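Here are the chains, one letter per residue:
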Amino acid sequence: WHLGHEALIEIEAVSTGRGEEEREEARARYDFTDWPNVGSEASLKEQAEVWHQWGRRFLERDGSHRTIASLLRGRENTLIDVTPTDDQAKRANLARIALEVDRLGADSVIFTTEAWMAMAVQEDDPRHRLRARDRTDRVDSLITYAAARDGGSAAFSSAFRMVDGSPVLEEVVPFDADPRQALGPILEVWGRWPAEEK
């Protein structure tokens, strides 16, 4: 239910094939030869950092980055594009990811998206109650969140500015993020799973 429009939101899930033609197109567009690699035995933090580096490459090449969730279960990896059209769709998409986590039995999630960031200010500052998107001092950022059922989490940010239509990225910055804020519905799913499945 879209609170702003007072109407139902439709969510469509579409599976897309990754055939050889699509792989060739991707190789030609992004030239993966020098991209960092990560194995499934790597820690959640290591995996998230590499996913973030990949996100930076996509952002540099395309000028934007879609919102992508990677649902991991052992060596299995399911990618979901959940790029929202507005805040209501963002919440609905997180609920959709949580359903997929439950269905697939995924025990960790890596989530990369563009976001606006703003520095925390004192309560008496007029900007204190404003969301980052409504602040003139906001910063465009590429954000990667990662969370695992065992409680592990990691987050990375790369601020960027657009110069002549192309993003210029700053250094990668790890930061503390409460996964409940970004990935709350997924944590709720994990909390409902029987303890013996952990």
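Residues numbered from 1 in each chain as written. Predicted model: local features only at pLDDT ≥ 70, side-chain atom pairs only at ≥ 80, totals over all residues. Heavy atoms only, no water.

A. Quick look at the pairing of strand E1 (residues 68–73). Pairing of E1 with strand E2 (residues 76–81), which is carried by 6 bridges, proceeds in the antiparallel orientation. What sits directly across from isoleucine 68, in E2, is aspartate 81. Counting the residues between successive antiparallel strands, the hairpin from E1 to E2 contains 2 residues, one of them, glycine 74, with a positive phi of roughly 60°. (Pairing = 2+ DSSP bridges. Helix = DSSP H or I, 4+ residues; strand = E, 2+ residues; numbered from the N terminus.)

B. Examining empty space enclosed by the protein more closely. Evaluated as defined, the whole model comprises 1 cavity of 30 Å³ or more. Of the pockets and cavities examined, the largest cavity occupies roughly 30 Å³. In this structure, the largest cavity is lined by Tyr145, Ala146, Ser153, Ala154, Ala155, Ala177, Pro179 and Leu183. Those elements that provide at least two residues to the lining of the largest cavity are strand E4 (139–148), strand E5 (153–163) and helix H4 (179–192). The biggest single contributor to the lining of the largest cavity is E5, with 3 residues. Among the residues making up the lining of the largest cavity, the classes are represented as 7 nonpolar, 1 polar and no charged. (1 Å grid on protein atoms, 1.4 Å probe; cavity = no way out; pocket = protein on both sides within 12 Å on 5 of 7 lines; lining within 4 Å. Points joined across faces, edges and corners; volume = space filled by probe spheres on them. Nonpolar A, V, L, I, M, F, W, Y, C, P; charged D, E, K, R; others polar.)

C. Representation of the pairing of E5 within the structure. Where E4 lies against E5, 8 bridges are found, and the strand directions are antiparallel. Bridging across to E5, alanine 147 finds its partner in serine 153. If you look at the hairpin formed by E4 and E5, you'll find 4 residues sitting between the two strands, and glycine 151 has a positive phi there, around 100°. By the bridge criterion, 2 bridges tie E5 to strand E7 (residues 173–174) in an arrangement that is antiparallel. Paired with phenylalanine 156 across the bridge in E7 is proline 174. Two elements, E5 and strand E6 (residues 166–169), share 4 bridges in a ladder whose sense is antiparallel. From the neighbouring strand, phenylalanine 160 faces E6, where its bridge partner is leucine 169.

D. Spotlight on unusual backbone geometry. Positive phi outside glycine occurs at aspartate 164, with the angle close to 55°. Within the secondary structure layout, aspartate 164 lies in the loop between E5 and E6. Judged by its relative accessible area of 79%, aspartate 164 is exposed. (Buried < 20%, exposed > 50% of the residue type's maximum accessible area, 1.4 Å probe, protein only.)

E. Seen up close, the side chain of serine 141. Along the chain, the position of serine 141 falls in strand E4. In contact with serine 141, not counting residues within four places along its chain, are Thr113, Glu114, Ala115, Met117, Ser157, Ser158, Ala159 and Phe160. (Contact = heavy atoms within 4.5 Å.)

F. Quick peek at the side chain of serine 158. Position of serine 158 relative to the elements: it lies in strand E5. Residue classification places serine 158 among the buried residues on the basis of a relative accessible area of 0%. Within the structure, the side chain of serine 158 is placed 2.7 Å from the side chain of histidine 52, a separation counted as a polar contact. Setting aside residues no more than four positions away along its own chain, serine 158 makes contact with His52, Arg56, Asp140, Ser141, Leu142, Leu169, Glu170, Glu171 and Val172. (Polar contact = N/O pair within 3.5 Å; in protein donor to acceptor, adjacent residues only side chain to side chain.)

G. Representation of the pattern of salt bridges in the model. This structure, assessed with the given rule, holds 10 salt bridges. In this structure, the salt-bridge partner of glutamate 100 is arginine 96, at a minimum N-O distance of 3.3 Å. Of this pair, glutamate 100 and arginine 96 are both found in helix H3 (residues 87–104), 4 residues apart, which corresponds to roughly one turn of the helix. A relative accessible area of 10% places glutamate 100 in the buried class. In this structure, aspartate 134 engages arginine 133 in a salt bridge whose closest nitrogen and oxygen atoms are separated by 3.7 Å. (Salt bridge = Lys/Arg side-chain N within 4 Å of Asp/Glu carboxyl O.)

H. Expanded view of the nonpolar core. Grouped together as the largest cluster of nonpolar side chains are 21 residues, with contacts concentrated most on Leu71, Ile97, Val101, Phe111, Leu183 and Ile186. Breaking this core down by element, the ones donating at least two residues are E1, H3, strand E3 (108–117), E4 and H4. Considering every element that reaches this core, the biggest residue donor is H4, with 5 residues. Ignoring sequence-local partners within four residues, the contact set of isoleucine 97 consists of Ala69, Leu71, Val82, Phe111 and Ile186. (Core = buried A, V, L, I, M, F, W, Y, C linked by side-chain atoms within 4.5 Å.)

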